[in-house]
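Coordinate inspection notes
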Amino acid sequence: MPFIKPSEIFPSEITPPEIYRERRRFMQGIGALAAGTALGTMDEAHAGIKLDGVRASVYKLDEARTPYKDITTYNNFYEFGTGKGDPAKNAGSLRTRPWTLAIEGEVRKPKTWDIDALLKLAPLEERVYRMRCVEGWSMVIPWVGFSLAELLRRAEPTGKARYVEFVSLNDPKQMPGQRSRVLDWPYVEGLRLDEAMHPLTLMAMGLYGEVLPNQNGAPIRLVVPWKYGFKSAKSIVKIRLVEKQPVSSWTRANPEEYGFYSNVNPQVDHPRWSQAKERRIGEFFKRDTLMFNGYASQVAGLYRGMDLKKYY
Ligand code: MTE
């Protein structure tokens, strides 16, 4: 759990992910046997509700998808604990209905959307994206959602809007991790307006064709595939268009380590970890990390002329 300084890391969290996962699988195997469940069926056991009318999209990847089980049991969601298995264990207390998402700030048409209206706002697409965490692991995830641009356009940003701020739910009753001060709650993230309007920037409401599990940020989260995973705020209740660059929770916690841009960049290391390589969950050998997580042809233009070491 390297987002926190080494002195605060518990031994269980230093275990390399693959060993941790093997161990966990083994324990779950024992549990399943005890419960009389056949071992082989565990990976197919999606618990979710199917989403209607999901279309294929141009965002397909010629890479193996990370199994549902790994995507939904190896998470970062500090509102439910700092261990990778905590969100799957604890996020059952999150109530995702009723849920509203407010669009406000520098817009001509502010609006509070009901989540069920949002589900119908634009055609839902399946988009298979690479996801790269700053901690060094990666996954390939078939998200379901639509471009954030669909939502922002309807709000009609004013000429003053230059950045977009995302705010996650703040409710310690539902989110037990918020009783600890690991971060300044609520979780806040931000993008430049042109990044937010980029077609790749997704509002996700599902994965693997089903409603988003709570631990992955239900009922609605951001997904910005060319940036480190922490930019992709979960369980969002507010989107504010603003003039000044927002200060994200991670930047507030440690500005040296977490910059505003946080674009995946194998040439710019995090102070504590090299970013040159990554471990795809489920694979043994490390792979090279790609510039902008492999999306350079689509997004490099957003940063033309910028010193990416300075604007990390
Ligand atoms: N959003 C909120 N509200 N709280 C969090 O702790 N963790 C971030 C991001 N969004 C986080 C969050 C981090 S560090 C990562 S890597 C991704 O969510 C993980 O998303 P996943 O668990 O769906 O893979």
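An account of the accompanying structure is given in this report. This is a predicted model, so every value here is computed, not measured. (Residues numbered from 1 in each chain as written. Predicted model: local features only at pLDDT ≥ 70, side-chain atom pairs only at ≥ 80, totals over all residues. Heavy atoms only, no water.)

**Notes on the packing of aromatic side chains**
Cut-off, in case you're wondering: For Phe, Tyr and Trp, where Trp contributes only its six-membered ring, two rings pair if their centres lie within 6.5 Å, and the inter-plane angle classes them as stacked under 30 degrees, edge-to-face over 60, or tilted in between. By definition, any uninterrupted DSSP run of H or I lasting at least four residues is a helix, any uninterrupted run of E lasting at least two residues is a strand, and each is numbered from the N terminus. Categorising residues by exposure relies on relative accessible area from a 1.4 Å probe, with only protein chains included: less than 20% of the type maximum marks a residue as buried, more than 50% marks it as exposed, and the intermediate range marks it as partly exposed. Geometrically, a charge over a ring is one whose NZ (Lys) or CZ (Arg) sits within 6 Å of the ring centre while staying within 35 degrees of the ring normal.
Counted by the stated rule, this structure contains 14 aromatic pairs. Centre to centre, the rings of Tyr-74 and Trp-137 are 5.2 Å apart; their planes meet at 80 degrees, and the pair counts as edge-to-face. With Tyr-74 in the loop between helix 2 (68–73) and helix 3 (86–90) and Trp-137 in strand 5 (residues 137–147), this pair connects stretches of sequence that are 63 residues apart. We note that Tyr-74, like Trp-137, is buried. Taken together, a centroid distance of 5.2 Å and an interplanar angle of 75 degrees make the contact between Phe-230 and Tyr-258 edge-to-face. Here Phe-230 is found in the loop between strand 10 (221–223) and strand 11 (236–242), whereas its partner Tyr-258 is found in the loop between helix 7 (249–253) and strand 12 (277–280), with 28 residues between them in sequence. Like Tyr-258, Phe-230 is buried. In this structure an aromatic cluster arises from ring pairing among Tyr-163, Phe-260, Tyr-261, Phe-292, Tyr-303 and Tyr-311. Positioned over the ring face of Tyr-74 is Lys-84, at 6.0 Å from the centre of the ring. Taking the ring centre of Trp-113 as reference, the NZ or CZ of Lys-111 above it sits at 4.1 Å.

**With respect to the nonpolar core**
Put simply, the test is: What is meant by a nonpolar core is a set of buried Ala, Val, Leu, Ile, Met, Phe, Trp, Tyr and Cys residues, joined one to another through side-chain atoms within 4.5 Å. In what follows, a contact means two residues having at least one pair of non-hydrogen atoms within 4.5 Å.
Grouped together as the largest cluster of nonpolar side chains are 79 residues, with contacts concentrated most on Trp-143, Leu-148, Leu-151, Phe-166, Met-203, Trp-226 and Ile-239. When residues in this core are grouped by element, the largest group, six residues, is from strand 5. Not counting residues within four places of it along the chain, the set of residues in contact with Ile-239 comprises Leu-101, Ala-102, Ile-103, Glu-104, Leu-148, Leu-151, Leu-152, Val-164, Glu-165, Phe-166 and Met-203.

**Some thoughts on helix 5 (residues 148–155)**
The condition that has to hold: In this description, one arc is meant: the one made by directions from the helix axis to the C-beta atoms.
Those residues of helix 5 lying buried are Leu-148, Ala-149, Leu-151, Leu-152 and Ala-155. When helix 5 is viewed along its axis, its buried side chains cluster within an angular range of 160 degrees and face the same direction. Glu-156 occupies a position one or two residues after helix 5 and carries a positive phi of about 55 degrees.

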